[in-house]
Amino acid sequence: MRVIIVLLVLVVGLEGCKKNPDFIDLSGTWTVQADSISGTVQLPGSLTENGIGIPVSDSATNMLSEPVRFTGKAVYEKDIFIPDSWADKTVELYMERTKVCQVFVNDSLVGCGNSVSAPHIYLLKNVFQTGANRLKISVDNTKKLLPLGGSHAYSEHTQTNWNGILGKFYLKSLDDISLRDVQVYASTDGICRLSLSLLNTTEQSLKKQPLNIRIYDSKQKEILKKQISVDVPSGQSLQSVSFEIQNPELWDEYDPVLYRLTVDCGRTSMEKTFGFRNFHTQSGQFVNNERVVFLRGKHEGGVFPQAGYPSMKKEDWLHYFNVVRSYGINHVRFHSWTPPEAAFEAADECGVFLQPELPLWGRYQASDTLLINYMKSEGEKIMQAYGNHPSFVLFALGNELEGDTAVMARVTDHIRKKDNRHLYALGSNNFYWDPQTHVTEDFFVAMRHGKITSDYSSDLRGSFSFADSEEGGIINCEKPNTLRNYQQAIRTLNKPVIGHETGQYQVYPDFKEIEKYTGVMQARNFSVFKKRLEKAGMLSQAEDFLKASGALSALCYREEIEMALRTRGFGGFQLLDLQDYPGQGTALVGILNALLEPKEVISREKWTEFCADVVPLSLFSKYCWSDQETFTAALEVANYGKEDLREQEIICILKDIKGTIIFEQKYPARYLAQGKLTRIDSIAIPFQKSDLPRQMELSVALPSTPYRNAWNIWVYPSSINEKIREGVIQGVCVTRNPVLFEQKKKEGTPVLYIPKHQDIMENSVGGLFTTDFWNYGVFKNVALSLKKEPSPGTLGILTHPDHPLFHYFPTEFYTQWQWWSIIKNSRPVIMDEWAEDYYPLVQVIDNVDRNHKLGLIYEEPGYEGKALVCSSDLFACKEEPEVKSLFYSLLKYLTSNK
């Protein structure tokens, strides 16, 4: 049987060589031995894709599940036929992406590699014999072999800790002289310098070797043809060639113009695409080709659930970048890993700015020379492999690093010296508890600048876990308004600042996703969550939980983004995330799922009103007003678009929920400078008195453009001024006494019970306005380890806007800003023992780890609507107009016949 297989391989090898006598494609069937498991696999691919590994029977809730998993050394073998024409030739073995490798030819070790960020390339001379050869490749994905810490290049939480060989995979015979690499240094004035790496495999210098260089523009027209002759010494050498392109078209996010370069050296030809761009910093901001850039970014942690690893195909990455661009995103940060060539090619075409990183989530120390040398080497390989791409603009040493900043600076300077075409940072959010920039950094990425402050003035994002900030950050803790920004945190920095991992707002699972995982990864975690909810008797509410929590999450993301846009001179943000991150506890923090599909919790059109290159803004002090007040706001426009906007008109409209226009005014905007936040005017709108509360929409638009934005505000009648107190009020007994409550409800007297928090402490959870940060289980444990109170862990409210309870308190079915004071002062009551078919009038959505049925406002069953409980301490926020209105609405409901 072995003889037959070898003969078949020889035939296949001969056919391949007929098509290209210098090239052997290694893709196809290989044998594999992984510990005691043996079989055949298709390469390129992973062991899991091929069904090789230890069956995974558990249903982990902290990540998606693989059906099989293998960690360790897997040995892949194949018989290769080497033609006579390859005799005495140097042979290149190319593997686009793999893990720690050893390469054997006819049982002799001929090469080793350990890059997880760039191709493995082996030059093999006098290794192969003509005819049949046995090629054996050992791939080891054991984490401890490399000093990567928690890098997402290896994390089983995201792209999985796969074992295999991915992407391009071949052998190539090299001529005596071959072109090994081309680096293109193109400046916006048209000057191009090429650094050409040549390999002379002979022992003598070869004179006057011709090099043919061609440049093609974006329309594939040849615009330069140049031939030079060079002397090539034995071994590896560098040659430098310079030329000028007249009036080059520049690459940017709006016109991602690419040029194509071909270099011929003998029978060797190499093709590269590149762009003319100048991405730099100026006056504390990012600038590309003299246009200020505001980075509207997302995080990419390696979420590829269908394959379990990042695609090596450009069409897949084109889909990825087209989706994120359609949501206003122009930037992607790769958390502690670097994507493959296909990602850079697609980003080049789509006009997306990229920040790859070294594969490290850990610590730099001077004594750890193994790590230092590895990271220097990885950095060099990343620059050589991907440095030509105009989309590659930022680079960092890893994620949330600790240790010796002097060592980090030396590593950064080492890589910058190798390639100065990018901007560099020592890491993203280094020194987690006290992030500080370093003089060698071109830009600063952090969640705050400095230590935690009680007034949030050091924060660079609006949300935090309860473990590392005062009760979850400014959005949860400060009365909502549209004035806040990050100006204070960046005031002493003279370089661009990017908000790190902004958002992290949970959305309830969409159980319809389970059947969509048709590839390597399985959503067993979703199945567990579904069973838990069913056991808790609330499975019928799953879709409502998704919609309500998702709408609140989108509301919070909106505030995050607008806070960044309201900050003059800010560099941008990196959302965590536009899409779900189904690892590290299962963090469903996106408005898109892990497959980049919309959850339909906010429309793309509504999202891009505030996540776009040009955004109208309105600055006002609060969302809830009395009709005795005059609404005041300042109007601004953040213009980070393609150009200055001249002779524009701003239209501002305030209308009620029925569409009746309360106020309409046009304002001239003669000059909206690109890269600036421009103040247009201020408005003052006296409210008309009304007997009922009103929800209104304030919109600001540039009518001759697609740019508009809108905010809800609420106006409450001054006539609703019932003092929040205990006693009989409008025929209702208002009490904080549980004994009196029991007495009155048995008497059939209308009664409103507003319990004191200490009376319900043991049977309630805390009040959280935002949806819970990242994942309840993960950060609960972190908080407890730090002896801090964990987050309440909830995901907003679910209610019914048409219910008569809300006649004097207009609301949507989900949390909006008018609920802030009410929720912040609440302790939702645990109602797990109540009847399965009983639901609170205002229900608080719990997380998937705990699954409580939680009531914020609920009726005691069996008392014909006469006994109502509100677990928000309305007494603590009794002066707020929205609180007065809710109190009044509760009283009216209890005495109504509805």
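Bear in mind that the values here come from a model prediction, so they are computed numbers and not experimental data.

1. Examining the overall build of the protein chain
Working step 1: The secondary structure content of the protein chain amounts to 15 helices and 49 strands.
Working step 2: Here the C-alpha radius of gyration of the protein chain, 31 Å, is about what a compact globule of 898 residues would show, namely 29 Å.
Working step 3: Burial statistics for the protein chain: of 898 residues in total, 62% are counted as buried.
Working step 4: Look at the contacts in the protein chain between residues 6 or more apart in sequence, and 70% of them connect residues 24 or more apart.
Working step 5: As presented, the protein chain carries roughly 34000 Å² of accessible surface, and 48% of it is formed by carbon and sulfur atoms.
Working step 6: The averaged location of the 109 negative side-chain charges in the protein chain is 2 Å from the averaged location of its 96 positive side-chain charges.

2. A few points about a nonpolar patch on the surface
Working step 1: Judged by side-chain polarity, W433, V782 and L786 come together as a nonpolar surface patch covering roughly 250 Å² of accessible area.
Working step 2: As for its position among the elements, W433 is in the loop between β30 (423-425) and β31 (444-446).

3. So, the nonpolar core
Proteins that are soluble and globular tend to have nonpolar side chains buried together.
Working step 1: Counting 193 residues, the largest nonpolar core has W317, F321, Y364, W607, F631, I683 and L752 as the members making the most contacts within it.
Working step 2: Considering every element that reaches this core, the biggest residue donor is helix α9 (residues 542-565), with 14 residues.
Working step 3: Look past the residues within four positions of I683 in its chain and what remains in contact with it is F631, T632, A633, L635, C652, F663, Y667 and L698.
Working step 4: Among the nonpolar cores identified, the runner-up in size contains 31 residues, and L43, F70, L93 and V103 belong to it.

4. What about the layout of surface pockets?
Working step 1: Approximately 1600 Å³ is the volume found for the largest pocket.
Working step 2: The wall of the largest pocket is formed by 50 residues, among which R180, D181, K272, Q384 and A385 lie closest to the centre.
Working step 3: Per-element accounting of the lining of the largest pocket gives the leading share, six residues, to helix α4 (residues 369-386).
Working step 4: Counted by class, the lining of the largest pocket contains 17 nonpolar, 14 polar and 19 charged residues.

5. Here we look at the side chain of D79
Working step 1: Position of D79 among the secondary structure elements: in strand β7 (residues 73-82).
Working step 2: Judged by relative accessible area, D79 falls into the buried class, the value being 5%.
Working step 3: Among the polar contacts listed, one links the side chain of D79 to the side chain of R134, at a separation of 2.9 Å.

6. Comments concerning unusual backbone geometry
Excluding glycine, most residues fall at negative phi; most peptide bonds, likewise, are trans.
Working step 1: In this chain, L43 is followed by P44 through a cis amide linkage whose omega measures 0 degrees.
Working step 2: Tracing the chain through its elements places P44 in the loop between β3 (37-43) and β4 (45-46).
Working step 3: The backbone phi angle of N126 is positive, close to 55 degrees, even though this residue is not glycine.
Working step 4: Positionally, N126 belongs in the loop between β11 (120-124) and β12 (131-140).
Working step 5: We note that K787 has phi near 60 degrees; this positive angle belongs to a residue other than glycine.
Working step 6: Judged by its relative accessible area of 77%, K787 is exposed.

Definitions and cut-offs
Residues numbered from 1 in each chain as written. Predicted model: local features only at pLDDT ≥ 70, side-chain atom pairs only at ≥ 80, totals over all residues. Heavy atoms only, no water. Helix = DSSP H or I, 4+ residues; strand = E, 2+ residues; numbered from the N terminus. Rg over C-alpha atoms; globule rule 2.2 N^0.38 Å. Buried < 20%, exposed > 50% of the residue type's maximum accessible area, 1.4 Å probe, protein only. Contact = heavy atoms within 4.5 Å. Areas by Shrake-Rupley, 256 points an atom, 1.4 Å probe, with all protein chains shown as cover. Lys, Arg positive; Asp, Glu negative; His and termini not counted. Charge placed at Lys NZ, Arg CZ, Asp CG, Glu CD. Patch = residues over 30% accessible without salt bridge, like charges linked within 9 Å, V, L, I, M, F, W, Y side chains within 5 Å. Salt bridge = Lys/Arg side-chain N within 4 Å of Asp/Glu carboxyl O. Core = buried A, V, L, I, M, F, W, Y, C linked by side-chain atoms within 4.5 Å. 1 Å grid on protein atoms, 1.4 Å probe; cavity = no way out; pocket = protein on both sides within 12 Å on 5 of 7 lines; lining within 4 Å. Points joined across faces, edges and corners; volume = space filled by probe spheres on them. Nonpolar A, V, L, I, M, F, W, Y, C, P; charged D, E, K, R; others polar. Polar contact = N/O pair within 3.5 Å; in protein donor to acceptor, adjacent residues only side chain to side chain.

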